[in-house]
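Tertiary structure, described
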Amino acid sequence: MSTTSDILYTRSDAVLGSFAIRPLDPFADAELLHGWVTHPKASFWMMQDASLPDVEREYMRIAAHEHHQAYIGLHEGRPAFLMETYDPSELELVGLYDALPGDVGMHFLVAPSDRPLHGFTRAVITTVMAAVFADPKTERVVVEPDVENKAVHALNEAVGFVAERPVQKPEKTALLSFCTRAQFEAATGVTGASI
């Protein structure tokens, strides 16, 4: 269980309560993550056949990487989502677009649930975006979801993303999309602020 000192960001949602983000521990969190990333609802995460050691290795690799970070998101103190950030000038999108200073790449995954809460995924992406924009150096968030992932395109649009164009990555055709701080704030009324 996380301690208060582990918490990097908090946000209160008027309907769904408290959200927080803490660093991911590749060893302690591997079993939890394995259940999330191999769940049928996580097909776009592309880890359906990953073993527990595969998941541990992947998140150890991320933890050791200078330009990639992973976090566990909490809802009311319980693990509920995965958040990753990366430098798109160094990873994922190198050569596929002209990265600007202040660009931050982002991925998020909501944990599977037997009792889904209405509006939960939107509250998660809002929290993720607010956390990314809490860093004053962040100017724009860049995402590259699978072109077939219509649900995430709608969520992205709801928090201010504007789709630019499809790009071909080795593992998928992705929809390159951008969201500036001003676009996020205009779409959600939420500002990024650290704890």
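Residues numbered from 1 in each chain as written. Predicted model: local features only at pLDDT ≥ 70, side-chain atom pairs only at ≥ 80, totals over all residues. Heavy atoms only, no water.

Observations regarding the layout of surface pockets
Think of a ball as big as a water molecule: rolled over the atoms, this probe shows where empty space is left. Condition: For cavity detection a 1 Å grid was placed over the protein atoms alone, and a set of points counts as a cavity when a 1.4 Å probe fits there but cannot get out; an open set counts as a pocket when protein lies on both sides within 12 Å along at least five of seven lines, with lining residues being those that have an atom within 4 Å of a point. Grid points are joined across faces, edges and corners, and a volume is the space filled by probe spheres set on the points. Numbering goes from the N terminus for both helices and strands, where a helix is a DSSP run of H or I of at least four residues and a strand is a run of E of at least two. By the convention adopted, Pro, Cys, Tyr, Trp, Phe, Met, Ile, Leu, Val and Ala count as nonpolar, Lys, Arg, Asp and Glu as charged, and the other residues, Gly among them, as polar.
Quantified by volume, the largest pocket comes out at close to 1,500 Å³. As for the largest pocket, its lining consists of 48 residues, of which Trp45, Phe108, Leu109, Val110 and Ala111 are closest to the centre. For the lining of the largest pocket, the secondary-structure elements that each account for two or more residues are helix H2 (52–64), strand S3 (68–75), strand S4 (78–86), strand S5 (103–110), helix H3 (120–133) and helix H4 (150–158). With 5 residues, the single largest contributor to the lining of the largest pocket is S5. Among the residues making up the lining of the largest pocket, the classes are represented as 25 nonpolar, 9 polar and 14 charged. Here the second largest pocket is characterised by a volume of approximately 430 Å³. Along the wall of the second largest pocket there are 21 residues; nearest its centre are Tyr71, Thr85, Ala131, Val132 and Asp135. Secondary-structure elements contributing two or more residues to the lining of the second largest pocket are S3, S4, S5 and H3.

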